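Listed below, chain by chain, are the residues.
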Amino acid sequence: MTVVAGVDFGTLSVRVTLVDSEKGPIGTASASYPLHRRREDPDYATQAHADQMTALAEACRVALDSTGVDGDSVAAIAVDTTGSSVIPAGEGLEPLGEYYLWCDHRAWAEAEEITQKAHALDFEGIDWCGGVYSHEWGWAKLLHWLRHNPEKRARFVTALEHCDMAAATLSGVRSVQDLKRSVCAMGHKWMWNPRWGGLPPESFLTAVDPLLAGVRDKIGGEYLTSDRLAGRLSPQWAEKLGLRAGIPIPVGAFDAHWDAIGSDIREGDVVNVVGTSTCIIAIARQAELVPGVCGVVPGSVHPAYTGIEAGLSAVGDIFDGIARRAQTSVAELSEGLESYKAGQTGLLRLSWDNGDRTVLVNPELGGVTLGWNLVHTAQDELFAAIEGTAFHTRIILERMAAHGVRIDRVVNAGGVPQRSEVLNRVYANVLNKPVLVPAGLSTSLGSGIFALLAAGACKTIEEAQAAVCLPLRTVHPDPHAAAVYGQLYELYRDVYFALGRRDAEPAALGRVLPELRTIAAEVLKIQ
């Protein structure tokens, strides 16, 4: 029996799960930290590294106390985080500011410049991230920081993804040359790939902006998959966490990628990690490039496979926004949703409240709801939003399948599917596929699996998954609801591409509103 600690840094809190190599997860605890936003700038979203690490220490000690586990018996600790969450650092890897969180979208102009220059110079890296560089990714955020912090440029030493910064802090790494960087993070968000020598060439970066001159060399360190070590727990942080100094820390990764591992992903699976946003993860022995999909990166999810990532920029955040405007909570607004039928609201809601991550990769979009009448309620909008996120997910899965990604099973992981059976039912019906749901929260279980590998308790990821992953239950589609959603999906797809692209051909959208009313009337008549 071996006990390890799996750590998951989310948008608003950190979760520590203690995982037993024979019993699986035996206890968990979380602690929150502030997210800094500005009402006058909805694109702004930052977080302090010190706040996050303080919360980690709190959560770790609570997990130990609540389970009665002796901290000295914990054999390894592994960390996953949000991404791309970028922090600029100076000497000693001291932060020069706060993290540009994954949901900070200030770098939309920089992302557009990177995309345009990559196509103009025929840089292969742009094809490997779906043909469009995102405002949520590393180079765009770093360039935005360099442009808007001229007084700090002289002190800039490097920039780190959150997963690499957390591992470096825990292991006491203070120099760039000693850094171990995540292939997962750098491959999906920084256009790193051995095919072109790692990071994009200096000539490309300086063509985007001369401010990037020399920065490539500063993003140094060793780039590794998560079956390798980032370091060992320092005495300082061992004392803070209540653990033993010297235990191994594997190279970190993004939360969704390890959530997929913790959800028992295998080739042929697509895992929807549904939380504030949705990350859609698949793995394949061989994979082709997928236009509009966030990244295709060897070794990013499972070291032996190519990882494929896509997603929606907002899901749970949309539900929260609807409830907030109605001056209630999502839980209260959800009461009674189980009686709603497919398409009965007559509403069609697009999930663009925080832009489009995939497949349009367009930060300029906003939330759209079609079909309002004078008696619609906030609850109707919430149900339509659940349907809309499912429709958007179907667009993404169809794009992936059209480019060779095998989809045998769909798994709904993350926090939202644990709280909303309505969402799981709608997804099964919209996708017209069985949807599998873990029998409990798998968040931070993936990091526990990599900690078990680092501790030597398991020889392979598959062995660790068999030992600790939660069982999956199946939500089957209803044939009648699936047929209704087939009609609605055609309307959604037309609106999605007609409104979401500046270069879209004129579309006959005049049929959308009448058909929404017709479908709703038919559904209500059947009741």
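See the structure shown above.
Procedures and definitions
Residues numbered from 1 in each chain as written. Predicted model: local features only at pLDDT ≥ 70, side-chain atom pairs only at ≥ 80, totals over all residues. Heavy atoms only, no water. Pairing = 2+ DSSP bridges. Helix = DSSP H or I, 4+ residues; strand = E, 2+ residues; numbered from the N terminus. Contact = heavy atoms within 4.5 Å. Axes fitted to C-alpha atoms, helices over the stretch in contact; angles between N-to-C directions. Phe/Tyr/Trp six-rings, centres within 6.5 Å; stacked < 30°, edge-to-face > 60°. Buried < 20%, exposed > 50% of the residue type's maximum accessible area, 1.4 Å probe, protein only. Lys NZ or Arg CZ within 6 Å of the ring centre and 35° of its normal. Salt bridge = Lys/Arg side-chain N within 4 Å of Asp/Glu carboxyl O.

## A few points about the sheet that holds strand β1 (residues 3-9)
Note on sheets: strands pair through backbone hydrogen bonds, and any given pair is parallel or antiparallel. Reading across the sheet, the 5 strands line up as β3-β2-β1-β6-β14 and stay open at both edges, with mixed pairing between neighbours. The open sheet has two free edges, formed respectively by β3 (24-32) and β14 (253-254), since each of these has just one partner strand. One ladder, built from 5 bridges, connects β1 with strand β6 (residues 74-81); its direction is parallel. Bridge pairing links Val7 to Val79 in β6. Contacts from helix α5 (residues 162-171) reach β1, β6 and β14, with the element oriented near 150 degrees to β6.

## Description of the packing of aromatic side chains
This structure, assessed with the given rule, holds 16 aromatic pairs. Where Phe123 meets Trp196, the ring centres are 5.5 Å apart and the plane angle is 75 degrees; that geometry is what we call edge-to-face. Pair noted here: Phe123 is in the loop between α2 (108-120) and α3 (125-128) and Trp196 is in the loop between α6 (183-189) and α7 (202-208), with a separation of 73 residues, a long-range link. Each of the two residues, Phe123 as well as Trp196, counts as buried. Clustering of aromatic rings is evident, with ring pairs tying together Trp352, Phe391, Tyr485, Tyr489, Tyr492, Tyr496 and Phe497. Between Lys240 and the ring centre of Trp237, over which it is positioned, the NZ or CZ distance is 4.2 Å.

## Focus: unusual backbone geometry
A cis amide bond links Gly83 with the next residue in sequence, Ser84, at an omega value of 5 degrees. Position of Ser84 among the secondary structure elements: in the loop between β6 and β7 (86-89). Of note, the bond from Thr358 into Val359 is cis; its omega dihedral lies within 30 degrees of zero at 10 degrees. Tracing the backbone shows Val359 in the loop between β19 (348-350) and β20 (368-370). The phi dihedral of Asp122 falls on the positive side, at around 55 degrees, and the residue is not glycine. Topologically, Asp122 is positioned in the loop between α2 and α3. Since its relative accessible area comes to 66%, Asp122 is described here as exposed. The backbone of Met191 sits at a positive phi, close to 55 degrees, despite the residue not being glycine. Within the fold, Met191 resides in the loop between α6 and α7. When its relative accessible area of 4% is taken as the criterion, Met191 is described as buried.

## Quick word on the pattern of salt bridges
Here the structure, examined in full by the defined rule, presents 17 salt bridges. As a salt-bridge pair, Glu94 and Arg174 come within 2.8 Å of each other at their nearest N and O atoms. Residue Glu94 is located in the loop between β7 and β8 (99-100), and its partner Arg174 is located in the loop between α5 and β10 (180-182); the two are separated by 80 residues in the primary sequence. Judged by its relative accessible area of 40%, Glu94 falls in the partly exposed class. Among the salt bridges present, the one from Arg195 reaches Glu124, with a minimum N-O distance of 2.4 Å. Here Arg195 is found in the loop between α6 and α7, whereas its partner Glu124 is found in the loop between α2 and α3, with 71 residues between them in sequence. Look at Arg195 and you get exposed, because its relative accessible area is 54%. Taken together, the salt bridges that share partners define one network made up of Glu110, Glu113, Arg147 and Asp209.

Read these as layout, nothing more, since geometry by itself doesn't imply function.
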